[in-house]
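Coordinate inspection notes
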Amino acid sequence: MAGIRWGAVLPQGWRLDLVHLADPAEQFEAMVEVGREAEALGFDSVWLYDHLQPVQAEPETTFECWTSLAAVARETRRVELGQLVTCNSYRNPALVAKMAATLDAASGGRAIVGLGAGWDGREYEAYGYPAPHPPVGERLQRLGEAAQVVRTMLRSPRSTFEGRYYRVRDAVNVPVGVRRPHIPLLIGGSGEKVTLRLVAEHADACNLTDHTDPQFYRHKLDVLARHCDDVGRDYDDILRTATLSVFVAPDESGLERMTAPHLDGRSRAELAAHNAVGTPEQLVETFGALVDAGIQSFVLYFHESTRLESMRLFAREVMPHLR
């Protein structure tokens, strides 16, 4: 790898980050604008959450992940396009492979498939997916089979797979995508017994989330390395990624104003345990420690009130020190 890679999460409504705009077309354009700005600032990738309604119950705009990425693909030229992460239960994995191949062609070879077991029972119930919400063990078994289906179909024009939950029979996926050697598969989650083993068995990348303690990542990546040894996989073939929310301001007074609405009774130190909080100089140290722990790529969410300003500051004063 040439250096640390940086991704930006686009506002799509799931985190109520488009409520300041009333018109849906204007909201969509705001999302796309952040994608264009991320590319101009030197970010390597842009990402959307795979959720269907807001994180809270309000009936506010939430744009669908995959169709939105197809639009962003045509408005950008360089950034990769990924999902945090595709909920396996929402779409048949063979269809996901077809969607990914189409997105890859539309973007000239920039698609990433992020895949996860799913967790939001509210969405399962609201959208009529299998009820009750499948237990975690079944969701992980389904994820393992889905990863095999997606991986196979993104590498071969014809695929057959027979599992307990998913079956494809001589399924045609042409094109398989334009990216070479193939569209990468990322599996999200940090479960040590199953999820990280699925990464070792099937994925090109892992994604760990919401921690700023380097020891958390060292431990999880040690577990991943042991799984790689067990299955005969080269650990260095797997891209290690982390997702974090970022609060960055030029000085302490600005940081205090920025973080105050998000504390909810917590101290700033408590907020910083699960979010990257600091001035640029402080964040160089924060992210540098995570790089030392083994993380190679970061996907960052910048909050709406100062999103573009924060992205520009981060790109100018943090990213160059870690390239």
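No experiment lies behind these values; they were computed from the predicted model shown. Starting afresh in each chain, residues are numbered from 1 along the sequence in its written order. The predicted nature of this model means local features are confined to residues of pLDDT at least 70 and side-chain atom pairs, given and counted, to a pLDDT of 80 or more, with totals for whole chains, interfaces and linings taken over all residues. As a convention, hydrogens and water are excluded, and side-chain values are obtained from all of the structure's heavy atoms.

Points about the overall build of the protein chain
Operational definition: Numbering of helices and strands runs from the N terminus; a helix is a DSSP stretch of H or I covering at least four residues, while a strand is a stretch of E covering at least two. All radius of gyration figures rest on C-alpha atoms, and the globule criterion is 2.2 Å times the number of residues raised to 0.38. The buried label applies to any residue whose accessible area, calculated with a 1.4 Å probe on protein chains only, is under 20% of its type's maximum; exposed applies above 50%, and partly exposed to all values in between. Contact criterion: two residues are considered in contact whenever any of their non-hydrogen atoms come within 4.5 Å of each other. The convention is simple: Lys and Arg are positive, Asp and Glu are negative, and His and the chain ends are not counted. Just so you know, the charge point we use is NZ for Lys, CZ for Arg, CG for Asp and CD for Glu.
What the protein chain contains, in helices and strands, is 11 helices and 12 strands. What you see for the protein chain is a C-alpha radius of gyration of 19 Å, in line with the 20 Å of a compact globule of 323 residues. With the C-alpha coordinates aligned to their principal axes, the bounding extent of the protein chain is approximately 60 × 45 × 40 Å. Expressed as a percentage of the 323 residues in the protein chain, the buried residues total 55%. Sequence-distant contacts in the protein chain: of pairs separated by 6 or more residues, those separated by 24 or more amount to 71%. Positive and negative charge centroids in the protein chain, built from 34 and 44 side chains respectively, lie 7 Å apart.

Side note on the pattern of salt bridges
Selection rule: Any carboxyl oxygen of Asp or Glu within 4 Å of a side-chain nitrogen of Lys or Arg constitutes a salt bridge here.
Taken as a whole, this structure holds 20 salt bridges when the rule is applied. Put simply, R197 and E201 hold a salt bridge, and the shortest N to O gap is 3.4 Å. Of the two residues, R197 and E201 both sit in helix α6 (residues 195-202), 4 residues apart, roughly one turn of that helix. Relative accessible area serves as the criterion here: at 33%, E201 is assigned to the partly exposed category. Via salt bridges that share partners, R5, D44, E80 and R179 belong to a single interconnected network.

Points about the environment of A200
Turning to its location among the elements, A200 is positioned in helix α6. Overall, A200 belongs to the buried group, its relative accessible area being 1%. The spacing of A200 and F247 is 47 residues in sequence and 32 Å in space, taken between C-alpha atoms. For A200, the residues in contact, after removing those within four places along its chain, are L224, H227, C228, V231, R233 and I238.

Focus: the packing of aromatic side chains
In plain terms, the rule: Pairing of aromatic rings covers Phe, Tyr and Trp, the last through its six-membered ring, and needs centres within 6.5 Å; plane angles under 30 degrees mean stacked, over 60 mean edge-to-face, and all others mean tilted. Here, over-ring charges are defined by two tests on the NZ atom of lysine or the CZ atom of arginine: distance to the ring centre within 6 Å, and angle to the ring normal within 35 degrees.
Enumeration over the complete set of coordinates arrives at 15 aromatic pairs. Summarising the aromatic geometry, the rings of Y124 and Y129 are spaced 6.3 Å apart at their centres and angled 70° between planes, so their arrangement reads as edge-to-face. Ring centres of F216 and Y217 lie 5.0 Å apart, and the angle between their planes is 85°; on these two criteria the pair is classed as edge-to-face. Judged by its relative accessible area of 0%, Y217 falls in the buried class. In textbook terms, an aromatic cluster arises when at least three aromatic residues are bridged by ring pairs, as seen for W6, F43, F287, F298, F302 and F314. Positioned over the ring face of Y301 is R15, at 3.8 Å from the centre of the ring.

What to know about the nonpolar core
Across soluble globular proteins, you tend to see nonpolar side chains buried next to one another. Put simply, the test is: In this text, buried Ala, Val, Leu, Ile, Met, Phe, Trp, Tyr and Cys residues form a nonpolar core when linked through side-chain atoms within 4.5 Å.
Core analysis: the largest hydrophobic core is formed by 81 residues, its most contacted members being W6, F43, F287 and F314. Broken down by element, this core gets its largest block of residues, 7 residues, from helix α5 (residues 136-153). Among all residues touching F287, those that are not within four sequence positions of it are W6, L244, V246, A276, F298, L300, F314 and L322. Listed in part, the 11 residues of the second largest apolar core include V9, I112, A205 and V299.

Observations regarding the side chain of H303
As for its position among the elements, H303 is in the loop between β12 (297-302) and α11 (307-317). Once you skip the residues sitting within four places of it in the chain, H303 turns out to touch R15, S245, V246, F247 and H262.

Some words on the side chain of D104
Heads up, the rule is: The term polar contact refers here to a pair of N or O atoms within 3.5 Å; inside protein, the definition further demands a hydrogen-donor-capable atom paired with an acceptor-capable atom, and it admits residues adjacent in sequence only when both atoms are side-chain atoms.
Within the secondary structure, D104 is located in helix α3 (residues 93-107). We note that D104 is buried and unpaired, the nearest opposite charge coming from R179 at a distance of 5.2 Å. From its side chain, D104 meets the backbone nitrogen of A111 in a polar contact 3.0 Å long. If we ignore the near neighbours within four places in the chain, the residues touching D104 are G109, R110, A111, G177, V178, R179 and I183.

Structural notes on the pairing of strand β6 (residues 158-162)
Quick note on the threshold: In this analysis, strands are considered paired if DSSP registers two or more bridges between them.
Alternating residues of β6 divide into S159 and F161, all buried, and R158, T160 and E162, none buried. As defined by bridge partners, β6 adjoins strand β7 (residues 167-172) across 4 bridges and the pair is classed as antiparallel. Each bridged residue has a counterpart across the sheet, and for S159 the counterpart in β7 is A171. The turn linking β6 back onto β7 is made up of 4 residues.

Everything listed here is a matter of coordinates, which is why it stays silent on function.
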